[in-house]
Each structure stands twice: as structure tokens, then as C-alpha cells.
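Single-letter residue listing:
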Amino acid sequence: MAQPGILDNLDKEGGRYGDIKRAMLMAPSFNSRSKSSLWWRDLCSIGADSTVTSPNWFASSISLKLGSGSFILFWMDRWLCNIPLNTMFPELFLLAEDSWCKVTDMGFWNGDFWSWHLTSFITPMDRAAAAQFEELQILLVPVHPTRVEEDGFKWWRHASGFSVSNAYDSFSLCVVPDFSLESSFRVAFSSIWKTKVPSRILIFGWRLISNRLPTKVELAKRGILVNPSELRCPFCLNFEEDLNHLFFECSFTNRWWRNFLYWLHLIDDSAVDSIVGRLCWLEKHCDKVRGVGLKWFLGLVFCWIVWIGRNEVPGGVVLRSGFFSRYDFRWIIR
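Residues numbered from 1 in each chain as written. Predicted model: local features only at pLDDT ≥ 70, side-chain atom pairs only at ≥ 80, totals over all residues. Heavy atoms only, no water.

A. Spotlight on the packing of aromatic side chains. According to the stated counting rule, one finds 20 aromatic pairs in the structure shown. Ring centres of Phe71 and Phe153 lie 6.4 Å apart, and the angle between their planes is 65°; on these two criteria the pair is classed as edge-to-face. Of this pair, Phe71 sits in the loop between strand S1 (62–65) and helix H5 (85–88) while Phe153 sits in strand S4 (residues 152–155), and the two are 82 residues apart along the sequence. We classify Phe153 as partly exposed; its relative accessible area is 22%. Judged by centre distance (5.4 Å) and plane angle (75°), the rings of Phe204 and Trp304 are edge-to-face. Taken together, the residues Phe204 in helix H10 (residues 199–209) and Trp304 in helix H15 (residues 297–311) connect sequence positions 100 residues apart. Looking at Phe204, the relative accessible area reads 4%, which means it is buried. Residue classification places Trp304 among the buried residues on the basis of a relative accessible area of 18%. An aromatic cluster is defined as three or more aromatic residues linked by ring pairs; in this entry it consists of Phe74, Trp75, Trp79, Phe93, Trp109, Trp114, Trp116, Phe121 and Phe133. (Phe/Tyr/Trp six-rings, centres within 6.5 Å; stacked < 30°, edge-to-face > 60°. Helix = DSSP H or I, 4+ residues; strand = E, 2+ residues; numbered from the N terminus. Buried < 20%, exposed > 50% of the residue type's maximum accessible area, 1.4 Å probe, protein only.)

So, in C-alpha cells, the structure goes:
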């Protein structure tokens with residue numbers, strides 16, 4: 001997954017990012033006092049979102065290929081199968097004296113031959129644990145570490161290994177398993193990259209539909225904002241600012257949205273419940289009513305301007321009247 005030596009250089013003792021290889025597998029949590037950058041926190045928590053079916057999609061997509069066994073955690077890592085041994089053999093794991101032992105701690109070399117030595121358990125075992133112990137012994141018979149190769153990473157979600165493309169496809173399927181017509185995240189992810197807007201707006205759009213924008217609620221989750229009074233929407237000042245409120249539920253954003261549709265000669269007859277559904281609706285009706293195939297161009301421009309205005313609010317209070325007066329949308333269809 002990385003060039004040889006890069007990860008080793010980054011995770012030396014005292015390195016800036018700590019144990020990178022272990023962070024990739026276990027996605028460490030960070031408290032409000034952590035000095036880690038937001039970039040590093042996000043990277044370590046890829047896939048650890050409440051909308052994802054797995055506790056951590058990215059980390060659970062990586063298994064380990066057994067080499068020397070000096071890095072792999074015998075119980076905690078995915079190395080025999082795509083699930084860790086502590087999940088496969090829960091009763092036996094409860095009796096393990098060292099739950100964080102390495103593979104090399106569970107056996108020894110006798111000349112050129114490896115022998116498993118599974119004795120570090122609290123005894124006596126009950127019937128369930130004893131049955132799992134026998135099953136584990138059978139599972140380990142054809143498996144042994146090697147002295148000539150280091151432990152490695154393996155991306156098990158695709159036969160050809162890891163690539164950005166197949167990881168993106170897999171993640172898109174995991175984010176929202178139920179794709180409806182009006183709020184289709186699959187359509188959203190597909191349409192957004194086909195929209196002809198500046199790259200910074202494309203990235204903004206991807207963060208928007210992935211709920212990765214630093215709204216005040218998200219900043220509070222990371223421990224950056226701690227005062228509840230700081231979480232209010234800068235436009236309406238009545239509710240906490242999360243993504244759906246800012247772009248979909250806020251009374252001021254809704255007023256600007258209606259004015260925007262009036263300018264486009266469209267009537268909002270949608271019954272959607274999210275900003276993604278709203279943008280999908282706009283794309284479909286622009287194609288149908290105006291005959292203009294702009295993908296998400298208009299919707300992204302609208303959300304981009306709302307986001308710019310939100311970030312330009314002085315002292316947290318917006319001049320709410322005439323907010324869009326300095327933005328002219330007529331250039332869009334020239």
C-alpha cells in the first residue's frame with residue numbers, strides 16, 4: 001500500500017505521527033486535548049462514520065499477510081481471515097493472559113521449523129472455550145511465520161488489491177445501502193464528478209454529500225468548540241449548525257433557495273428530506289424544464305455561496321437582509 005520504507009520512517013519512536021501502521025489498522029480516537037492535526041485525525045478515522053455499516057470501514061478493509069509475525073497482533077489483527085481471532089473465538093479470548101500478544105509470542109522456532117505453543121490461557125476452560133481451542137489448533141496447522149519476509153498489508157475488498165478507484169466504489173456502496181430515487185447517493189457521487197465547476201468546488205461538493213464539512217456541530221465533536229452558545233447557526237441564530245440545517249432546514253437558507261428557484265422559473269414540488277435529495281431534484285428538473293444538462297452545477301454554486309457567506313459572517317452574526325445582493329447568478333447560463 002506504500003513504498004517500502006515509507007511507513008517505517010514515519011512511525012519511528014518519537015515520530016510526528018506515532019505508529020502509522022497500527023493507526024491504519026485500528027483508527028485511534030483523539031480527545032479534545034490531542035495535538036494531532038485535523039488532517040491526521042480525519043485520515044485515521046476514515047470510514048468511522050455513523051452512516052457506515054462497519055464500525056470503521058477503512059480499517060476493516062485491511063488484513064495482514066503473515067511474514068515474520070513480529071508486527072501482527074495474534075488476537076486483535078485480521079491475518080488468518082477477514083475478521084480477528086478475538087471475534088472468531090470469543091470464549092477462548094476471554095481466557096487469554098495477554099490479549100495484545102504478537103504472533104511470534106505464540107510459538108517458537110526449532111531449527112527451521114515453527115511450532116505453535118498455545119499455553120498462555122487462564123485455566124480451567126469450560127466446554128465452549130475448549131471446543132474453540134481445538135478449532136484454533138486445527139486452523140493453525142498449515143500456518144506458520146517466515147524468517148525471510150516482514151508482515152505486510154492486504155486490501156481484501158478487491159481481487160486486484162488496493163486502488164483509489166475500487167476503494168471509492170466499495171465505500172460508495174457502504175455509505176448508504178438503500179438507494180432511493182430522490183435521495184440517491186450513488187447518483188450523487190456519479191454526478192458530482194461530471195459537473196464542470198472549478199476543482200475547489202468539486203472537492204467542496206464531495207465533502208458536502210459525505211458530511212465532511214467543518215460545521216459547528218462537527219467541530220464540537222472534535223473538541224474544537226466547547227461552548228454550546230457557539231454552535232448556533234449564524235443565519236437564523238435559533239438552532240445548532242449541522243450540515244442539514246445549514247443547507248436545508250434553516251429558514252434563511254430556504255428563503256434564498258425559493259428565490260433561486262424563482263429565478264430559474266422552477267417550482268419546488270419536491271418531498272425530499274436532505275440537501276442531497278434537494279440537489280438531485282434540482283438536477284433532474286433543470287434537465288426536464290430548462291433543457292440544460294448541467295449536472296450539479298447550479299446546486300453546487302448555490303451551496304458554495306451559502307458556505308462562503310457563512311464563513312464571512314463577522315463576529316458570528318450575518319447581515320441577513322440582502323445577503324445575496326453581491327452575487328449575480330446570471331453568468332451561469334451565459
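B. Just the nonpolar core, in detail. Phe235, Phe247, Ile275, Leu282, Trp296 and Cys303 are the most contacted members of the largest nonpolar core, which totals 43 residues. Elements supplying a minimum of two residues to this core: helix H9 (185–192), H10, helix H12 (243–249), helix H13 (251–263), helix H14 (275–290) and H15. Broken down by element, this core gets its largest block of residues, ten residues, from H15. Residues contacting Ile275, with those up to four places away along its chain left out, are Leu243, Asn244, Phe247, Phe248 and Cys303. Counting residues in hydrophobic clusters, the runner-up holds 31 residues, among them Ile62, Leu73, Leu85 and Phe121. (Core = buried A, V, L, I, M, F, W, Y, C linked by side-chain atoms within 4.5 Å. Contact = heavy atoms within 4.5 Å.)

C. Molecular detail of H13. With 13 residues, H13 should cover 18 Å at 1.5 Å per step; its first-to-last C-alpha distance of 19 Å lies within 8% of that length. Those residues of H13 that fall on the buried side of the exposure criterion are Phe252, Thr253, Asn254, Trp256, Trp257, Phe260 and Leu261. Two residues or fewer past H13, His265 is found with a positive phi of approximately 60°. (Expected span 1.5 Å × (residues − 1).)

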